[in-house]
Amino acid sequence: MRTMVNTGFRRSQVCIGAALVAAVAVGVLLGSSFAPASEAAAQPTVNFTGGTGIVLNVVDPTKAADFEEVMKAFGESLVGSSDPQRQRMGEGLKLYRAAEAGPNNFALYYLFADPTVSGGNYAVAQVLADEYLGGPPGNGDEVRAIYEKYSAALTGGGQQTINMDLLLEF
Amino acid sequence: MTHVPRRYRVAVLVAIAFVGGIGWGAARTTAQPGTRVFTADVGMIVSHVKSGQAVAFERTMKRVGEALALSEEFDRRRQAVTWKIYKATDPLEGGALLYIALLDPVVPGADYWVPQILNEAFPTEVQELYDTYAGAFDEGQGQVLMNLTRVDLGLAVAEP
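Residues numbered from 1 in each chain as written. Chains lettered and ligands numbered in written order. Predicted model: local features only at pLDDT ≥ 70, side-chain atom pairs only at ≥ 80, totals over all residues.

1. With respect to the overall build of chain A
Tallying secondary structure elements over chain A gives 6 helices and 4 strands in all. Written out in order from the N terminus, the α and β elements of chain A read α-α-β-α-α-β-β-α-α-β. Nonlocal contacts in chain A, meaning residues at least 24 apart in sequence, comprise 77% of its contacts between residues at least 6 apart. (Helix = DSSP H or I, 4+ residues; strand = E, 2+ residues; numbered from the N terminus. Contact = placed C-beta atoms within 7 Å.)

2. Observations concerning the overall build of chain B
Each helix and strand counted, chain B has 5 helices and 4 strands in total. Written out in order from the N terminus, the α and β elements of chain B read α-β-α-α-β-β-α-α-β. In chain B, which comprises 160 residues, the proportion classed as buried is 35%. (Buried ≥ 20, exposed ≤ 12 C-beta atoms within 10 Å, placed from the backbone.)

3. As for unusual backbone geometry
Residue and element names in this part refer to chain A. Cis geometry marks the peptide bond from Asp114 to Pro115, where omega comes out at 0°. Among the secondary structure elements, Pro115 is positioned in the loop between strand 3 (107–113) and helix 5 (124–131). Cis rather than trans, the peptide bond between Pro136 and Pro137 has omega equal to 5°. Its identity as a non-glycine residue notwithstanding, Leu133 has a phi of 55°, on the positive side. Among the structural elements, Leu133 can be located in the loop between helix 5 and helix 6 (140–154). A count of 17 C-beta atoms within 10 Å places Leu133 in the partly exposed class.

4. Some remarks on the nonpolar core
Counting residues in hydrophobic clusters, the biggest one holds 76 residues, and the most contacted among them are A:Val70, A:Tyr109 and A:Leu128. If we ignore the near neighbours within four places in the chain, the residues touching A:Tyr109 are A:Asn57, A:Val59, A:Phe67, A:Leu95, A:Tyr96 and A:Arg97. (Core = buried A, V, L, I, M, F, W, Y, C linked by C-beta atoms within 7 Å.)

5. Topic: the environment of B:Val46
Residue and element names in this part refer to chain B. Mapped onto the elements, Val46 comes out in strand 1 (residues 42–49). By C-beta crowding, Val46 is classed as partly exposed, having 17 other C-beta atoms within 10 Å. Along the chain, Val46 and Ala101 lie 55 residues apart, while their C-alpha atoms are 6.5 Å from each other. Excluding its chain neighbours within four sequence positions, the residues that come into contact with Val46 are Ile100, Gln143 and Val144.

6. What about the pairing of strand 1 of chain B?
Sheet faces and side chains relate simply in a regular strand, where the side chains alternate between the two faces. Residue and element names in this part refer to chain B. The element strand 1 is largely enclosed, with a buried count of 6 among its 8 residues. Inspection of the sheet shows strand 1 paired to strand 3 (residues 97–103) by 7 bridges, in the antiparallel sense. Among the inter-strand pairings, Val46 is bridged to a residue of strand 3, identified as Ile100. (Pairing = 2+ DSSP bridges.)

7. Quick notes on the sheet that holds strand 2 (residues 93–98) of chain A
The sheet built from 8 strands closes into a barrel, its strands ordered 1(A)-3(A)-2(A)-4(B)-1(B)-3(B)-2(B)-4(A) with antiparallel pairing. Averaged over all neighbouring strand pairs, the angle between strand axes comes to 35°, with direction disregarded. Packing of helix 2 (residues 54–70) of chain B onto the sheet brings it into contact with strand 4 (158–169) of chain A together with strand 1, strand 2 (83–88) and strand 3 of chain B, and relative to strand 4 of chain A it is tilted by some 60°. (Axes fitted to C-alpha atoms, helices over the stretch in contact; angles between N-to-C directions.)

See below:
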């Protein structure tokens, strides 16, 4: 049995080579597929069609603290909303930061919406405009300020939205 | 200042991403052949599976769940508790299927290397299971492991 497993492990070294090729592909994909930050941040509607939604955020590492501040405001705006749908959206949010930097040393953040709320609009800019600090009309200056932080944090990086379904839970 | 056409600037950006991708991937794969031990509180495994190999991959991962549940080692059973696997609703460009395993939290020091887990529980089947598992991955993209840290969003109601 040890021999068979060792054979498998030797094959894994071939897999490492394949993974390096994969890394190139990932790099190219990341470099070519992200929407410019101004477009990504300004999306008026972000809906998920799967049971779980993931937003990969590629963030300027010098603005990581700003990005986290915006995400906290986003989450708090959702759970603090008077709209039950938005409250449920907030309850399912989790944010993770990758320990290792991504391409060009940018920080990688994964926002999980699990479960997603059907029909819910997860667009950060829209939620902040509607809900941040009690909503309009009194929050205009604060929303503009925090939106600028959000947009600047994503400049040079971007976002990618992935629709997923929970397949297995051991 | 010399004007650089947009297509050349885009090409340079893609080239930078290309090189960054190499380093990024190398940092994740070359350091740990045959082991999958996470160094952070949360782990993520991104798997790119060949079109047509979904059933084989999913069947193997179900066996992993069985192996963990059957294990006499407490830590192996703990691994099962927080191991979730998600599947993208749509294939990627080129047809590969995307699976993301989220391990939140990881069991500190535990090895998440699938062939080893299968070998412990199903030693007489491990070669066949390994062949199925290894053969399922898309040659162009394979698997990426990531160490993650959860960012506190201050959402008291978010905990299950």
